[in-house]
Amino acid sequence: MELTKLKGVGEKTAEHFAKLDLYTTEDLLKHYPRTYDIYNEPVTIKTLEDLDEESAIEGVVCKSPDIFGSGKIKILSAKLKDMDGTIFEVVFFNMPYLKASLKLGARYVFRGKFKIKGNHYCLEQPKIFTLAKYNELKGTMMPIYPLTKGLSNNMMLKCISQVLDINKDYLEPEFIPSWVREKYELAEHNFAIQNIHFPKEFDDYIKARHRLAFEEFFLFILATLSLKSTKESNPNSFHIKRLKEVDELLNDLPFKLTNAQLRTLDEVRSDLTGDRTMSRLIQGDVGSGKTIVATISLLEVALNGYQGAMMVPTEVLAIQHFESLKSLFETNNLDIKVELLVGSMTKKQKEKAYERIESGESQIIVGTHALIQEKLVYKDLALVITDEQHRFGVCQRENFAGKGNRPHILVMSATPIPRTLAIILYGDLDISIIDEMPKGRLPIKNAVVDESYRKNAESFLNREVSKGHQCYVICPMVEESENFEAANVIDYTKNLKTKLPNCKIEYLHGKLKPKEKEEIMRRFSNREIDILVSTTVIEVGVNVPNATVMLIENAEMFGLAGLHQLRGRVGRGDAQSYCIFMTGKKSEKIKKRLDILNKSNDGFEIARKDLELRGPGDFFGVRQSGDFDFGIADVFADSKTLKECADAAKTIYDSDNTLSSKDNIYLKKKVIEYTGKVLEKINL
Ligand code: ADP
Ligand code: MG
């Protein structure tokens, strides 16, 4: 049902929902809470571990409130005592009517974040409850949804409860066979949907989440199995030979490939020249040298007279790969035509590129999602590589397959998942692992610091620049924002320029035009820029080996996986590299999390420790892990569930691979729906 059919949702609100990709009531039910507001037992100030966390405090008014201020802003301030006798202040803006309730001796529960103001604790604009009201709420979980400008959490709540309560259309028949539900103690689907949004108690939330995570993995694995079977034993329809030009280029590289690279490359080349179409995953941590393997494979295909394409997630990365391929071929006197194709090129530029691709003039094509535009026709596409790519499931490749003969597929990933999980998640791919770093790399030196270190950090940047090295500074924001207090690229650059007048400093962010991004990246690669201040647009893939410092501002605002990727931009050459995590907030929790990165440079280790720190069952704020785009399930946190799903799916598949038995009727319907949905997403 369309969202506009809901009470209180007009065209305007529907437009806001659309920004979150929510169009129907079904979409809305899958819009799971980001976290929950839990009404905990009130605590006392003495026992607070972290001022940054919202807490509930019970207090008695010990001095009648005063009203200050004049004109537009009226401030109400009251002094209270908590149950340990610690004095605190509460402050409300423009709510003078509260004065009447905050009577001397009256008792309330306040919820908010404490600040230290001078020498006392202060709560600004806390939520205020009578004891009776708070007792009523205690223990309940209020969902907090991902939102967008113009949509409040309240609106979300209202709409979702409407769908759940008034309209029972969402109810679906149970599609997971009963033996699976019994074996893995799964709640029923409809129960899970109701309770992920409005759990009556924590236990119901856990059951709901487990069921939904299970069903996401389960459908994903079954979809993979069914798609895999449709293309099992695909014969290799290309005539590719190993060529001596390729071996010559390998010999002329400025470095020697590691054994892991050589082994992987050999596996890929054997596939290309073998009897079956390749479907292979290359897994290797940041900096392990995956690109050269991709490059050689593309070259081999091109020299054999076919086209090869490489798809990457960002324009910055596409531009960089494009430039480095061109220059590598030039240096080696190889006449190969490389084409760049990204979404923000002008219509005219794109059309010209399309023509060259269709005619076969372009031999290697590098780009973003623009590579799978419907209009684009390839002349003779034999190899498709996706680098650092979000994985939409196997279907993405099906889409390429629709563009001519089924090409060979190579997927490159830095997501550090254990082999056992990789085998499940990339069920249809053969796996090569690059588990060795190039020789001569020094481990990156890390530091977690706060504002007091800023001066040192700046002179450190200066010193590295004077040694001929380059630096990155990452800021969370592009420009100043009212809603967030965080470093922004534009002001930061201005400021740093005045502090380090001898350094050439420029900025980069996603909103620049592609030509501008290209120019900045080109100049940074050519050492014409010393310090690049950037948003996370450089998070994946970017490679400038002369850069030795990565300074990340407001490091607390990023997930660990993202920080590990960012750090991977340095330590790519022979020189000692450094990563400085700067935090604005002094919270123990944040310190502990960043300390994981401080102590390890190994992606696997970081993912494992992060999970340990959170503890099992702590799913709030879990960042989706790299390549995988599940709604609620997390590859790491739910790895046990993932393995169970794989077992169950395999059992079902082995006995009924067309899902035709009576037990699997609804399951089949869901799998078809699932594969259809994913395909739809890709076709955009
Ligand atoms: P990633 O695996 O993160 O994609 P890249 O392929 O970008 O890593 O490689 C990182 C850097 O290491 C690049 O500058 C690349 O040229 C260099 N490199 C790759 N292989 C080797 C090697 N065997 N020896 C030395 N440097 C290498
Ligand atoms: Mg890479």
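Within each chain, residues carry numbers counting from 1 in the order of the written sequence. Whichever chain is written first becomes A and whichever ligand is written first becomes 1, with later ones labelled in order. Residue-level local features of this predicted model are given only where pLDDT is at least 70; pairs of side-chain atoms are given and counted only at 80 or more, and the full residue set underlies all totals for whole chains, interfaces and linings. Hydrogens are left out, water is left out, and the side-chain values use all remaining heavy atoms of the structure.

Trainee: So what's going on with the overall build of the chain? Which residues, and what values?
Mentor: To qualify as a helix, a DSSP run of H or I must reach at least 4 residues; to qualify as a strand, a run of E must reach at least 2; elements of each kind are numbered from the N terminus. In terms of helices and strands, the chain carries 22 helices and 22 strands. With the radius of gyration taken over C-alpha atoms, the globule rule is written as 2.2 Å times the number of residues to the power 0.38. In summary, the chain has a C-alpha radius of gyration of 28 Å against a globular reference of 26 Å for 684 residues, a match within 12%. By principal-axis analysis of the C-alpha atoms, the chain measures approximately 90 × 75 × 45 Å. The cut-offs for exposure are 20% and 50% of the maximum accessible area for each residue type, with area from a 1.4 Å probe on protein chains only; residues under the lower value are buried, those over the upper are exposed, and the others partly exposed. By residue count, 53% of the 684 residues in the chain fall in the buried class.

Trainee: Tell me about the site of ligand 1, and please be specific about residues and values.
Mentor: Close to ligand 1 lie 17 residues, the nearest being G287, K290, T291, R441 and R572. Any pair of nitrogen or oxygen atoms within 3.5 Å is treated as a polar contact; in protein, a donor-acceptor pairing is required on top of that, and neighbouring residues in sequence qualify only through side-chain atoms on both sides. In the model, an oxygen atom of ligand 1 is placed 2.6 Å from a nitrogen or oxygen of the G287 main chain. A distance of 3.4 Å separates an oxygen atom of ligand 1 from a polar atom in the backbone of S288. For ligand 1, whose unbound accessible area comes to 560 Å², protein coverage reaches 88%. The residue makeup of the shell around ligand 1, split by class, is five nonpolar, seven polar and five charged. An automatic or database domain assignment supplies the start and end points of every domain. A domain split of the shell around ligand 1 shows at least three residues from each of domain 2 (238-434) and domain 3 (445-628). We define proximity as follows: a residue is near a molecule or strand when any one of its heavy atoms falls within 4 Å of that partner. Residue burial considers only the protein chains on display, and all accessible areas are found by Shrake-Rupley using a 1.4 Å probe. Throughout, the ten residues Ala, Val, Leu, Ile, Met, Phe, Trp, Tyr, Cys and Pro are labelled nonpolar, Asp, Glu, Lys and Arg are labelled charged, and all others, Gly among them, are labelled polar.

Trainee: How would you summarise the nonpolar core if you had to cite specific residues and measurements?
Mentor: The nonpolar side chains of a soluble globular protein tend to be buried, and buried together. Ranked by size, the top nonpolar core spans 129 residues in total, and within it L28, F218 and L341 carry the most contacts. Counting residues domain by domain, this core receives three or more from each of domain 2 (238-434) and domain 3 (445-628). For this analysis, residues touch if any pair of their heavy atoms sits within 4.5 Å. In this structure L28 touches L3, L6, F17, L22, M156, C159, I160, V163 and H197, once residues within four positions along its chain are discounted. The definition of a nonpolar core used throughout is a set of buried Ala, Val, Leu, Ile, Met, Phe, Trp, Tyr and Cys residues joined through side-chain atoms within 4.5 Å. Counting residues in hydrophobic clusters, the runner-up holds 31 residues, among them L508, L560, C579 and I606.

Trainee: Give me the lowdown on the pattern of salt bridges, citing residues and values where you can.
Mentor: Side-chain pairs of opposite charge can arise whenever the charged atoms involved come near each other. Definition used for salt bridges: Asp or Glu carboxyl oxygen within 4 Å of a side-chain nitrogen of Lys or Arg. Within the structure shown, the criterion is met by 38 salt bridges. Residues K115 and E124 are paired through a salt bridge, measuring 3.3 Å at the closest nitrogen-oxygen approach. When its relative accessible area of 45% is taken as the criterion, K115 is described as partly exposed. The class of E124 is partly exposed, set by a relative accessible area of 30%.

Trainee: Would you mind going over helix α11 (residues 315-331) in detail, with residue names and values included?
Mentor: What a helix is expected to span follows from its residue count: subtract one and scale by 1.5 Å. Over its 17 residues, α11 extends 24 Å from the first C-alpha to the last, a length consistent with the 24 Å expected when each residue adds 1.5 Å. When α11 is considered as a whole, its buried residues turn out to be E315, V316, L317, A318, I319, Q320, H321, F322, L325, L328 and F329. One or two positions beyond α11, positive phi appears at N333, with a value near 50 degrees.

Trainee: Go over the environment of D247, please, and point to the residues and values.
Mentor: By the secondary structure assignment, D247 is in helix α8 (residues 244-252). Counting along the chain gives 53 residues from D247 to E300, while the straight-line C-alpha distance between them is 9.7 Å.

Trainee: Would you mind going over the domain arrangement of the chain in detail, with residue names and values included?
Mentor: Assigned domains within the chain: domain 1 (40-137), domain 2 (238-434) and domain 3 (445-628). Between domain 1 and domain 2, the C-alpha centre-to-centre distance is 60 Å.

Trainee: Give me the lowdown on the packing of aromatic side chains, citing residues and values where you can.
Mentor: Aromatic rings in a pair are described by how distant their centres are and how their planes are angled relative to each other. Between rings of Phe, Tyr and Trp, where Trp is taken as its six-membered ring, a pair exists when centres lie within 6.5 Å; planes separated by under 30 degrees are stacked, by over 60 edge-to-face, and by other angles tilted. One pass over the full model with this rule turns up 16 aromatic pairs. On the basis of an interplanar angle of 85 degrees and a centroid distance of 6.0 Å, the ring pair of F114 and Y121 is categorised as edge-to-face. Under the relative-accessibility criterion, F114 is labelled buried at 5%. Classification of Y121 by relative accessible area gives partly exposed; the value is 27%. Look at F238 and Y306: their rings are 5.2 Å apart centre to centre, the planes differ by 80 degrees, and that puts the pair in the edge-to-face class.

Trainee: Tell me about the confidence of the model for the chain, residues and numbers included.
Mentor: Per-residue confidence for the chain averages 88 on the pLDDT scale, and 93% of its residues sit at or above 70. Between residues 679-684, whose pLDDT stays under 50, and residues either more than four places distant or in other chains, the model counts 12 contacts. The predictor's confidence in any single residue is recorded as pLDDT, a number from 0 to 100.

Trainee: So what's going on with the state of the cysteines? Which residues, and what values?
Mentor: Cysteine sulfurs are considered disulfide-paired once they come within 2.5 Å of each other. According to the stated counting rule, one finds zero disulfides in the structure shown. In this structure C62 is not part of a disulfide, and its nearest cysteine sulfur, from C122, lies 14 Å away. Judged by relative accessible area, which is 33%, C62 ranks as partly exposed. A residue is classified by how much of its surface remains accessible, and C122, at 1% relative accessible area, is buried.

Trainee: Account for the sheet that holds strand β8 (residues 127-129), naming residues and giving values.
Mentor: We call two strands paired when DSSP finds no fewer than two bridges between them. Reading across the sheet, the seven strands line up as β6-β7-β4-β3-β2-β5-β8 and stay open at both edges, with mixed pairing between neighbours. On the outer flanks of this sheet lie β6 (114-117) and β8, each paired with one strand and no other. Pairwise comparison of adjacent strand axes, ignoring direction, gives a mean angle of 40 degrees for this sheet. Sheet analysis places strand β4 (residues 87-93) next to strand β7 (residues 120-124), joined by four bridges and oriented parallel. Residue pairing for β7: V90 is matched across the bridge by L123. Between N-to-C directions, angles cover 0 to 180 degrees, with each direction set by a line fitted to C-alpha atoms, over the stretch in contact for helices.

Trainee: Which residues make up the environment of L410, and what values go with them?
Mentor: With respect to the secondary-structure elements, L410 resides in strand β15 (residues 408-413). In this structure the C-alpha to C-alpha distance between L410 and A294, which are 116 residues apart in sequence, comes to 8.2 Å. If sequence neighbours within four positions are ignored, L410 has contacts with V268, M278, R280, I282, S297, L383, V384, I385 and T386.

Trainee: How would you explain α8 if you had to name every residue and give the values?
Mentor: The periodicity of an α-helix, 3.6 residues per turn, causes residues three or four positions apart to be oriented the same way. Buried residues of α8: V246, L249 and L250, and no others. Along the axis of α8, the buried residues cluster in a sector spanning 105 degrees; they form a single face. For α8, the exposed residues set more than 90 degrees away from the buried face come down to K244, N251 and D252. Where α8 is buried, its residues contact α9 (259-272), α10 (291-303) and α11. By arc we mean the arc of the directions from the helix axis to the C-beta atoms, nothing more.

Trainee: Which residues make up the packing of helix α19 (residues 588-599) against helix α20 (residues 603-614), and what values go with them?
Mentor: Between α19 and α20, the least distance of the axes is 10 Å, while the angle of their chain directions is 160 degrees. Classified by the interaxial angle, the pair formed by α19 and α20 is roughly antiparallel. Here the hand of the crossing between α19 and α20 comes out right-handed. For the pair α19 and α20, contact is made by K592, R593, I596 and L597 and by I606, K609, D610 and L613, respectively. Here the word oblique covers every angle except those under 35 degrees (roughly parallel), over 145 (roughly antiparallel) and from 65 to 115 (roughly perpendicular). Here a crossing is called left-handed whenever its near helix is offset anticlockwise from the far helix by less than a right angle, and right-handed whenever the offset is clockwise.

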